[in-house]
Amino acid sequence: MHIKLSDAANLAEVVAAVAVVVSLIYVGIQVNDSTRAVRAAAANDANVAMQNWYIAVGSNPQSSEIMIEGMRGTRDFTPAEEYQFLMMMHGIFLGMQNSYLLVQEGTLDPLVSESITAAITGVKELPGFKEYWRQRKNLLYPRFVEHVEQLTSSPSSPPVDLYREIQN
């Protein structure tokens, strides 16, 4: 049995076309897996950033005291204490902003960012939060500022238990 050269060429084209389709399917699967991995890494990074901030502030007695007292307002602070409070607040807000921006670009699940920024609703009525926000919001990304403004203008929710006595 002899195969004509043209028949062999046609068969090779069919095999090549099938190989291209299989390759595209494989690439599609790899892209899906890569997208999931990037989203998982983004969620992990966002949570770790917040976790590190909370551990750093919560495990240092001086930082904890500055944070608690700062939420009452900074009028009785020394300039160094006020600076420390504002920098701690700005640090957490930069982390929240990062999560917000990752949601905007489609890398982070919105529910992850919402869980991170939910803390704002628990402190939005406290004097220290209001002082921080007035002084530093102009240093943040404008759309993130709008997002926080929406959170702070939503109906009041009770303060985080830790700060409840501060508000009273």
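Preceding this section is the structure that the text describes.
Owing to the predicted nature of the structure, the values given are computational and were not obtained by experimental measurement. (Residues numbered from 1 in each chain as written. Predicted model: local features only at pLDDT ≥ 70, side-chain atom pairs only at ≥ 80, totals over all residues. Heavy atoms only, no water.)

Novice: Explain the packing of aromatic side chains residue by residue, including any values.
Specialist: The geometry of two aromatic rings is summed up by the distance between their centres and the angle between their planes. One pass over the structure, following the stated rule, counts 9 aromatic pairs. Between Phe93 and Trp133 the ring centres are 5.5 Å apart and the planes differ by 40°, which places this aromatic pair in the tilted class. Remark: Trp133 occurs in helix 5 (residues 127-136) and Phe93 occurs in helix 3 (residues 79-104); sequence separation between them is 40 residues. Overall, Trp133 belongs to the buried group, its relative accessible area being 6%. Connected via pairs of aromatic rings, a cluster forms that spans Phe93, Tyr100, Phe129, Tyr132, Trp133 and Phe144. (Phe/Tyr/Trp six-rings, centres within 6.5 Å; stacked < 30°, edge-to-face > 60°. Helix = DSSP H or I, 4+ residues; strand = E, 2+ residues; numbered from the N terminus. Buried < 20%, exposed > 50% of the residue type's maximum accessible area, 1.4 Å probe, protein only.)

Novice: Give a detailed account of the nonpolar core, specifying residues and quantitative values.
Specialist: Within soluble globular proteins, side chains that are nonpolar tend to cluster in buried spots. One finds Phe93 and Phe129 to be the most contacted residues of the largest nonpolar core, which totals 34 residues. Elements that contribute at least two residues to this core include exactly helix 1 (5-58), helix 2 (61-72), helix 3, helix 4 (110-123), helix 5 and helix 6 (142-153). Top element by residues in this core is helix 3. It accounts for 10 residues. The residues contacting Phe93, other than those within four sequence positions of it, are Ile120, Phe129, Tyr132, Trp133, Leu140, Phe144 and Val148. (Core = buried A, V, L, I, M, F, W, Y, C linked by side-chain atoms within 4.5 Å. Contact = heavy atoms within 4.5 Å.)

Novice: Describe the environment of Leu102, and please don't skip the residues or the numbers.
Specialist: Inspection of the secondary structure puts Leu102 in helix 3. In the structure, Leu102 is positioned 11 residues away from Ser113 in sequence and 8.5 Å away in space, judged by C-alpha atoms. For Leu102, the contacting residues outside a window of four places in its chain are Ala42, Thr107 and Leu108.

Novice: Break down helix 6 for me, with residues and values.
Specialist: In this model, helix 6 (12 residues) spans 16 Å end to end at C-alpha, consistent with the 16 Å of a helix rising 1.5 Å per residue. Residues of helix 6 that are buried: Phe144, Val145, Val148, Leu151 and Thr152. Each buried residue of helix 6 sits inside an arc of 120° when the element is viewed along its axis, so together they form one side. Residues of helix 6 that are exposed and point more than 90 degrees away from the buried face comprise Pro142, Glu146, Gln150 and Ser153. (Expected span 1.5 Å × (residues − 1). Arc of directions from axis to C-beta.)

Novice: So what's going on with the side chain of Thr107? Residues and values would help.
Specialist: With respect to the helices, strands and loops of the structure, Thr107 is situated in the loop between helix 3 and helix 4. Judged by its relative accessible area of 15%, Thr107 is buried. A distance of 2.7 Å separates polar atoms of two side chains, one belonging to Thr107 and the other to Glu105. Filtering out sequence-adjacent residues up to four positions away, Thr107 remains in contact with Val38, Arg39, Ala42 and Leu102. (Polar contact = N/O pair within 3.5 Å; in protein donor to acceptor, adjacent residues only side chain to side chain.)

Novice: Let's hear about helix 4: which residues, and what values?
Specialist: The sharpest bend along helix 4 comes to roughly 30°, located at Ile116. Those residues of helix 4 lying buried are Val112, Ser113, Ile116, Thr117, Ile120, Gly122 and Val123. Where helix 4 begins, the side chain of Asp109 points an oxygen toward the backbone nitrogen of Leu111, at a separation of 2.8 Å. (Bend = angle between axes of the 7 residues up to and from the residue.)

Novice: An account of the packing of helix 3 against helix 4 is needed here, citing residue identities and associated values.
Specialist: In contact at an axis separation of 9 Å, helix 3 and helix 4 are set at 155° when each is read in the N-to-C sense. As summarised for this structure, helix 3 and helix 4 are arranged roughly antiparallel, according to the angle between their axes. Between helix 3 and helix 4 the crossing geometry is left-handed. Facing Phe93, Met96, Ser99, Tyr100 and Val103 of helix 3, the residues of helix 4 in contact are Pro110, Ser113, Ile116, Thr117, Ala119 and Ile120. The residue inventory of the contact of helix 3 with helix 4, partitioned by class, reads 8 nonpolar, 3 polar and no charged. (Axes fitted to C-alpha atoms, helices over the stretch in contact; angles between N-to-C directions. Parallel < 35°, antiparallel > 145°, perpendicular 65-115°, else oblique. Left-handed = near helix turned anticlockwise from the far one by under 90°. Nonpolar A, V, L, I, M, F, W, Y, C, P; charged D, E, K, R; others polar.)

Novice: I'd like a description of the environment of Gly73, backed by residues and values.
Specialist: Residue placement: Gly73 occurs in the loop between helix 2 and helix 3. C-alpha separation for the pair Gly73 and Pro127, spaced 54 residues apart in sequence, amounts to 5.0 Å. Excluding residues within four positions of it along the chain, Gly73 makes contact with Pro127, Gly128 and Glu131.

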